[in-house]
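Coordinate analysis (summary)
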2 protein chains.
Amino acid sequence: MVKHRATVAAGTTSPPETEGRLDPNFTRRVIETMGPNVAPRNRQLMASLIHHLHAFTRDVELTNDEWMAGVRFINAVGRISSGTRNEAQRVSDVLGLESLVDEIAHKVVAEGNVDPTSSSILGPFWSPNAPFRRNGDSIIQDPAPGGRVCKMHGTISDLITGRPIPGAVFDIWQASANGRYDFQDPDNQTPNNLRGKFRADDNGRYSLYCYRPTAYSLPTEGPSYDLLKLMDRHPMRPAHIHIMVTHPEYRGCTTQLYPRDDPWLTTDTVFAVKDDLIVDFKPLRGDPKAELELEYNIILSPKDYKGRPPRALL
Amino acid sequence: MVKHRATVAAGTTSPPETEGRLDPNFTRRVIETMGPNVAPRNRQLMASLIHHLHAFTRDVELTNDEWMAGVRFINAVGRISSGTRNEAQRVSDVLGLESLVDEIAHKVVAEGNVDPTSSSILGPFWSPNAPFRRNGDSIIQDPAPGGRVCKMHGTISDLITGRPIPGAVFDIWQASANGRYDFQDPDNQTPNNLRGKFRADDNGRYSLYCYRPTAYSLPTEGPSYDLLKLMDRHPMRPAHIHIMVTHPEYRGCTTQLYPRDDPWLTTDTVFAVKDDLIVDFKPLRGDPKAELELEYNIILSPKDYKGRPPRALL
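All values reported here derive from a predicted model rather than from experimental measurement.

A word on the UniProt feature "domain: Intradiol ring-cleavage dioxygenases" (unreviewed entry) in chain A. Mapped onto this numbering, the UniProt entry annotates "domain: Intradiol ring-cleavage dioxygenases" (unreviewed entry) at residues 122–302 of chain A. Counting secondary structure, residues 122–302 of chain A comes out at 4% helix and 30% strand; the distance between its end C-alpha atoms is 21 Å.

Moving on: the domain arrangement of chain A. Bring the parts together and some accessible area is lost; that lost area is often taken as the interface size. Partitioning chain A into structural domains gives domain 1 (25–62) and domain 2 (94–300). Summarising the inter-unit geometry, the C-alpha centres of domain 1 of chain A and domain 2 of chain A are found 38 Å apart.

This part is about the pairing of strand β8 (residues 253–259) of chain A. All names here are of chain A. Within β8, six of the seven residues are buried, leaving the element largely enclosed by the surrounding structure. With antiparallel pairing between neighbouring strands as the criterion, strand β7 (residues 241–246) and β8 make up a hairpin whose turn holds six residues. Taken together, the two bridges between β8 and strand β9 (residues 278–279) define a ladder with parallel strand orientation. The residue of β9 that forms the bridge with Tyr258 is Ile278.

Burial analysis of helix α5 (residues 87–94) of chain A places eight of its eight residues in the buried class, which makes it a mostly covered element. For α5 of chain A, the full list of buried residues reads Glu87, Ala88, Gln89, Arg90, Val91, Ser92, Asp93 and Val94 of chain A. Tucked inside the fold, the buried residues of α5 of chain A contact α4 (64–80), α6 (97–106) and α7 (223–230) of chain A together with α4 (64–80) of chain B. Within two residues after α5 of chain A, Gly96 of chain A carries a phi angle of roughly 85 degrees, on the positive side.

Bringing the packing of helix α3 (residues 40–59) of chain A against helix α3 (residues 40–59) of chain B into the picture now. The interhelical angle for the contact between α3 of chain A and α3 of chain B, taken along N-to-C directions, is 160 degrees, at an axis separation of 9 Å. Classified by the angle their axes make, α3 of chain A and α3 of chain B are roughly antiparallel. Between α3 of chain A and α3 of chain B lies a crossing of right-handed hand. Of the residues in α3 of chain B, those in contact with Gln44, Leu45, Ser48, Leu49, His52, Ala55, Phe56 and Asp59 of chain A of α3 of chain A are Gln44, Leu45, Ser48, Leu49, His52, Ala55, Phe56 and Asp59 of chain B. Classifying every residue of the contact of α3 of chain A with α3 of chain B by side-chain character gives eight nonpolar, six polar and two charged.

Right, let's get into the nonpolar core. Met152, Ile156, Phe170, Ile172, Ile243 and Ile298 of chain A are the most contacted members of the largest nonpolar core, which totals 39 residues. Counting residues per element, this core draws most heavily on strand β4 (residues 205–211) of chain A, which supplies four residues. Core analysis: the next-biggest nonpolar cluster, separate from the first, contains 38 residues, Phe170, Val245, Ile278 and Leu300 of chain B among them.

Residue and element names in this part refer to chain A. Ordered in space as β3-β2-β7-β8-β9, the five strands form an open sheet in which the pairing is mixed. Taken across any chain shown, the strands that pair with only one partner, and hence form the sheet edges, are β3 (195–199) and β9. Inspection of the sheet shows strand β2 (residues 169–173) paired to β7 by five bridges, in the antiparallel sense. Within the sheet, the bridge partner assigned to Val169 lies in β7 and is Thr246.

Here we come to the environment of Asn86 of chain A. Tracing the backbone through its elements, the reader meets Asn86 of chain A in the loop between α4 and α5. Note: C-alpha distance between Asn86 of chain A and Val101 of chain A (15 residues apart in sequence) is 17 Å. Side chain to side chain, Asn86 of chain A and Asn75 of chain B meet in a polar contact 2.9 Å long.

Thresholds applied
- Residue indices begin from 1 for each chain and proceed along its sequence in written order.
- Note on labels: chains are lettered from A, ligands numbered from 1, in written order.
- Only residues with pLDDT of at least 70 are given local features in this predicted model, and only at 80 or more are side-chain atom pairs given and counted; all residues enter the totals for whole chains, interfaces and linings.
- With hydrogens and water set aside, each side-chain value is computed from the structure's full complement of heavy atoms.
- UniProt positions are given in the numbering used here, feature names are shortened, and annotations may be inferred rather than shown by experiment.
- Helix and strand labels come from DSSP, where a helix needs a run of H or I of at least four residues and a strand needs a run of E of at least two; each type is numbered from the N terminus.
- Boundaries between domains were set according to an automatic or database domain assignment.
- Here's how the labels work: a residue is buried when its accessible area is under 20% of the maximum for its type, exposed when over 50%, partly exposed in between, all with a 1.4 Å probe on protein chains only.
- Pairing between two strands requires that DSSP report at least two bridges joining them.
- Contact between two residues is taken to exist if any of their heavy atoms lie within 4.5 Å; hydrogens are not considered.
- Lines fitted to C-alpha atoms define the axes here, with helix axes fitted over just the stretch in contact, and angles between the N-to-C directions of these axes take values from 0 to 180 degrees.
- These descriptions rest on fixed angle ranges, namely under 35 degrees for roughly parallel, over 145 for roughly antiparallel, 65 to 115 for roughly perpendicular, and the rest for oblique.
- We call a crossing left-handed when the near helix sits turned anticlockwise from the far one by less than a right angle, and right-handed when that turn is clockwise.
- Residue polarity is assigned by list, with Asp, Glu, Lys and Arg as charged and Ala, Val, Leu, Ile, Met, Phe, Trp, Tyr, Cys and Pro as nonpolar; anything else, Gly included, falls into the polar class.
- We call a set of buried Ala, Val, Leu, Ile, Met, Phe, Trp, Tyr and Cys residues a nonpolar core when their side-chain atoms join them within 4.5 Å.
- We define a polar contact as two N or O atoms separated by no more than 3.5 Å, with the added condition that, inside protein, one atom must be a possible hydrogen donor and the other a possible acceptor, whereas residues neighbouring each other in sequence contribute only through side-chain atom pairs.

So, in structure tokens, the structure goes:
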């Protein structure tokens, strides 16, 4: 056997006692395989991604079966995605990623004691095709059993001057009383039901009729639900109204509004709730079209406003 | 405007000067949303995954557009995957992940000066259906233009005793001279072309005919290729032969063998080359069936062999 062992051993060298069990240069080598023609930002992104992916893998000593389960999961995410279902977005939402990205992009800490309206995640249900409607119109095209009509109104104003912003566009979308958006629910809803854009008047005011929103569950099948089950988490989003407020001279604000009594506020499955987005729906008298009222004022910061200098990131 | 500002400000509080720009508790809150019924290992995996995913996102201050590009990438990976194309595995290979997982699982540092044969990644082309063939048979069912036939043989032996391991199963698969595996190339190859299992004889020996392997490119379309282009990397795998050697009483060894003169050894697109897996193909005389010879001996460690105690991971 001496010859046999020598033959094989020729190509191998035992690492010195001082080395760890894993090759300490592996991650650096993978990163350094990038060529010279990578855009600087892409090099930064990929180096950091590879670094953290490998650090995760080492930290947990990821097994082959666990890695392969991850591979199957990623493939399944793409397979179930479609024009009306963005599963990769949903998975990243469930892991808090969209909310974190939103915070990084939009967190403005004002110098005074008023902050601009907090942003929150866009989610997968915004549509670029929502029609303009007139102030005072309703976005309810298809009345739904159990839906409680609400008159919603408010002023859109400037963070610095406090002045109204005439012409600002107030884009609103929400699920119906059954917890579904129009394009998830073609049997009950016509396109653009519960969607609409409103242009603020000369006093920066908008008004419309919508539903008090209804809490709903993310789909209870598919990879994102499998992930929630693995983490022993519920699939509920608190009831919410989506809004996106824009004006060419201001930073846009995409956000969501939540009724104060919703039971899912602190465990929102996509982590999109912020304190100043929690609102009170009040009884409305004297308006035959609605039983509730919601006043919500929006504050936008000018495009060139920087706020307090940001501190170093965590 | 006083009333307006007061109304909105009621729900907001500016963070104290001492706080950073981002909520320092966000990641912990996402992790702590996991319920009480999560298996301990799954809790560890998901907590570490969320931690590293958020750390990456903060480190690079990931923008909304970059995040959405990632979402679209994940969806595209799943959409292009099929029974014969595992794109998520390929993407993870290109990022070095399968190779790292393999190293974590299989790195055994022997106590003596002989190591067991190094493992390498399985890759997406192994088949559970390869037929048993007889020692001395060829795995070439469909001769290919340019293929150089090689007689491959060797001994499978025990790391501790040096004794042969009769009955060990030597499973081999390789791409044809055009760089394609049977199920990627149904027009030119019959099922199980260039695949076969061989049982080591009483002396632990196996022998067969195969091709000197040919370097090939990963697919030059699809998400994994897009990722390689982004990183200014080539899509080439060095020429290689896959083997998987198993016996019920030993730790199996799945690995790959590479010709020493291959130009892609140091930049293998999936980072699967290790020193003791680089081999020499030698001219063969006196055998009309082959022009080359490769002797490769395999050393397996017994199932209960632990090697030197592993050190702490990086």
